Amino acid sequence: MEHTLLELSQVGIEFPTENGPFCAVQDINLKVKKGEFISLIGHSGCGKSTVLNMVAGLNRATRGGVVMHGKEVTEPGPERAVVFQNHSLLPWLTAYQNIELAVKTVFKSTMSKGEMKEWIHHNLNLVHMTHAADKRPSEISGGMKQRVGIARALAMKPEILLMDEPFGALDALTRAHLQDSVMEIQEQLNNTIIMITHDVDEAVLLSDRIVMMTNGPAATIGEILTVDLPRPRNRIAMAESTDYYQLRSQVLSFLYEKHSKIEPLKKERHKSNRPEAVVSEAS
Ligand SMILES: Nc1ncnc2c1ncn2[C@@H]1O[C@H](COP(=O)(O)OP(=O)(O)OP(=O)(O)O)[C@@H](O)[C@H]1O
């Protein structure tokens, strides 16, 4: 990790609505270093996607700004690739062709046809999808589609990878496999990643820092937790680590005590239960 790659300064956004302007987030200050893995966590509707979309250039801040390499982000660009929860692959193209489309868009003038082919296969291999290169999205599982989506994003050689709940729609086992793949890829490529998650364990396992957001409207960063667990991380070893459990309970405490969104009735029930590790819609 070297210099600051991305900086959000005093970022805020107001959306125009029928009832007047709605301030979704405000005063967001964050510096992201090259190679860092940052998770954004917070209750549903607090503004995580809004923040990520501002970094992606899909939303424009109405206060403050997002700066990358000293230049304000005003529109989407291949240096900030986004992976959404629902893969968004084109259904009529194979896995290979989906990646090829992105590669052609970015590297048409700098890579030969042969280099592109090699690069696409390299990225399919990174996510362990070489065997399914010629399959269409309808012929592969949800987890496989998500792998292809990640390969497509990585194939653009983004300086920063933005992931909006990338594993949210997957079953627990597939999710664990993909988390391991992302950790493995990040170790190899030293990617800078900002990921939205509702899963406390996922945040602790993957992140260098966890950015915890307060509830909206006018949500902001409540606390930032540094996860200094050594890498490479192994989920089995983590299960026995007291450091891991301490970090996990700090996130749970932020979400369920300091910034709880639980209604009184549910709170009573919640008190008698072990806190959920996943921030659900119901919370
Ligand atoms: N284009 C828009 N116009 C008006 N309000 C918006 C718009 N986009 C987002 N919002 C509001 O901003 C707030 C934050 O939304 P956002 O989707 O960023 O939350 P989130 O934390 O990502 O939620 P979730 O975890 O449920 O995905 C919400 O109250 C939402 O209704």
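Residues numbered from 1 in each chain as written. Predicted model: local features only at pLDDT ≥ 70, side-chain atom pairs only at ≥ 80, totals over all residues.

Participant: Quick one: what's the story with the nonpolar core, residue by residue and with numbers?
Facilitator: The biggest cluster of nonpolar side chains holds 68 residues, and the ones touching the most others in it are Val 55, Ile 99, Ala 151, Leu 162, Ile 194 and Val 251. The dominant element in this core, judged by the number of residues it contributes, is helix H4 (residues 142–155), at seven residues. Excluding residues that lie within four positions of it along the chain, Ile 99 makes contacts with Ile 120, Asn 123, Leu 124, Val 148, Ala 151, Arg 152 and Ala 155. (Core = buried A, V, L, I, M, F, W, Y, C linked by C-beta atoms within 7 Å. Buried ≥ 20, exposed ≤ 12 C-beta atoms within 10 Å, placed from the backbone. Helix = DSSP H or I, 4+ residues; strand = E, 2+ residues; numbered from the N terminus. Contact = placed C-beta atoms within 7 Å.)

Participant: Break down the domain arrangement of the protein for me, with residues and values.
Facilitator: Per the domain assignment, the segments of the protein are domain 1 (1–79 + 160–167 + 175–283) and domain 2 (88–157). One C-alpha centre belongs to domain 1, the other to domain 2; they are set 27 Å apart. Facing eight residues of domain 1, the contacting portion of domain 2 comprises ten residues. For the side of domain 1 that touches domain 2, the element with the most residues is helix H5 (residues 172–189), which contributes four residues. Along the lines of polarity and charge, the residues of the side of domain 1 that touches domain 2 split into six nonpolar, two polar and no charged. (Domains from an automatic or database assignment. Nonpolar A, V, L, I, M, F, W, Y, C, P; charged D, E, K, R; others polar.)

Participant: So, the pairing of strand S9 (residues 209–213): which residues are in play, and what are the values?
Facilitator: Of all the five residues making up S9, four are buried; the element is thus mostly covered by neighbouring parts of the structure. Sheet topology note: the strand S3 (residues 37–41)/S9 ladder contains four bridges and is parallel. Each residue of the ladder has a partner; that of Ile 38, found in S9, is Arg 209. Here five bridges tie S9 to strand S10 (residues 221–226), and the two strands are oriented antiparallel to one another. Looking at S10, one finds that Met 213 is bridged to Ile 221. (Pairing = 2+ DSSP bridges.)

Participant: Could you give an account of the packing of H4 against H5, naming the residues involved and the relevant values?
Facilitator: The N-to-C vectors of H4 and H5 enclose an angle of 20 degrees; their axes lie 10 Å apart at closest approach. Comparing their axes, H5 and H4 come out roughly parallel. Considering the relative orientation of H4 and H5, their crossing is right-handed. Seen from H4, the contacting residues are Gly 142, Gly 143, Gln 146, Arg 147 and Leu 154; seen from H5, they are Thr 174, His 177, Leu 178 and Ile 185. Residues belonging to the contact of H4 with H5 are distributed by class as follows: three nonpolar, five polar and one charged. (Axes fitted to C-alpha atoms, helices over the stretch in contact; angles between N-to-C directions. Parallel < 35°, antiparallel > 145°, perpendicular 65-115°, else oblique. Left-handed = near helix turned anticlockwise from the far one by under 90°.)

Participant: Please give an account of the site of the ligand that cites residues and values.
Facilitator: In the vicinity of the ligand there are 13 residues, among which Phe 15, Ala 24, Ser 44, Ser 49 and Thr 50 approach most closely. When residues of the shell around the ligand are traced back to their parent elements, those giving at least two are strand S1 (4–17), strand S2 (20–33) and helix H1 (48–56). Looking at which element gives the most residues to the shell around the ligand, the answer is H1, with three residues. When grouped by side-chain class, the residues that make up the shell around the ligand number four nonpolar, eight polar and one charged. (Near = placed C-beta within 6 Å.)

Participant: Could you give an account of the sheet that holds S1, naming the residues involved and the relevant values?
Facilitator: For sheets, the rule is that strands pair by backbone hydrogen bonds, running either parallel or antiparallel. Spatially, four strands are ordered S2-S1-S4-S5 in an open sheet, and the strand pairing comes out antiparallel. Bordering the open sheet on either side are S2 and strand S5 (71–72), each of which pairs with just one other strand. As paired strands, S1 and S2 are joined by ten bridges and run antiparallel to one another. Looking across to S2, one finds that Leu 8 is bridged to Leu 30.

Participant: Would you mind going over the UniProt feature "domain: ABC transporter" (unreviewed entry) in the protein in detail, with residue names and values included?
Facilitator: If you check UniProt for "domain: ABC transporter" (unreviewed entry), the listed places come out as residues 6–240 in our numbering. Secondary structure within residues 6–240 divides into 34% helix and 27% strand; the distance between the first and last C-alpha atoms comes to 35 Å. (UniProt positions renumbered as here; feature names shortened; annotations may be inferred.)

Participant: So what about the packing of helix H2 (residues 95–107) against helix H3 (residues 113–126)? Which residues, and what values?
Facilitator: For the pair H2 and H3, interaxial distance at closest approach is 10 Å and the crossing angle is 125 degrees. Our classification of the angle between H2 and H3 gives oblique. The two elements H2 and H3 cross, and the hand of that crossing is right-handed. Across the interface between the two elements, Ala 95, Tyr 96, Ile 99, Glu 100, Val 103, Lys 104 and Phe 107 of H2 pack against Met 116, Trp 119, Ile 120, Asn 123 and Leu 124 of H3.

Participant: Give a detailed account of the environment of Gly 216, specifying residues and quantitative values.
Facilitator: Its place among the elements puts Gly 216 in the loop between S9 and S10. The sequence separation of Gly 216 and Leu 161 amounts to 55 residues, and the corresponding C-alpha distance is 25 Å. Beyond its immediate sequence surroundings of up to four residues, Gly 216 is in contact with Ala 24, Gly 45, Cys 46 and Gly 47.

Participant: How would you sum up the environment of Asp 27? Please name residues and give values.
Facilitator: Its place among the elements puts Asp 27 in strand S2. Overall, Asp 27 belongs to the partly exposed group, with 15 C-beta atoms counted inside 10 Å. When the C-alpha atoms of Asp 27 and His 128 are compared, they prove to be 40 Å apart, with 101 residues separating the residues in sequence. When residues no more than four places from it in sequence are discounted, the contact partners of Asp 27 are Gln 10, Gly 12 and Thr 220.

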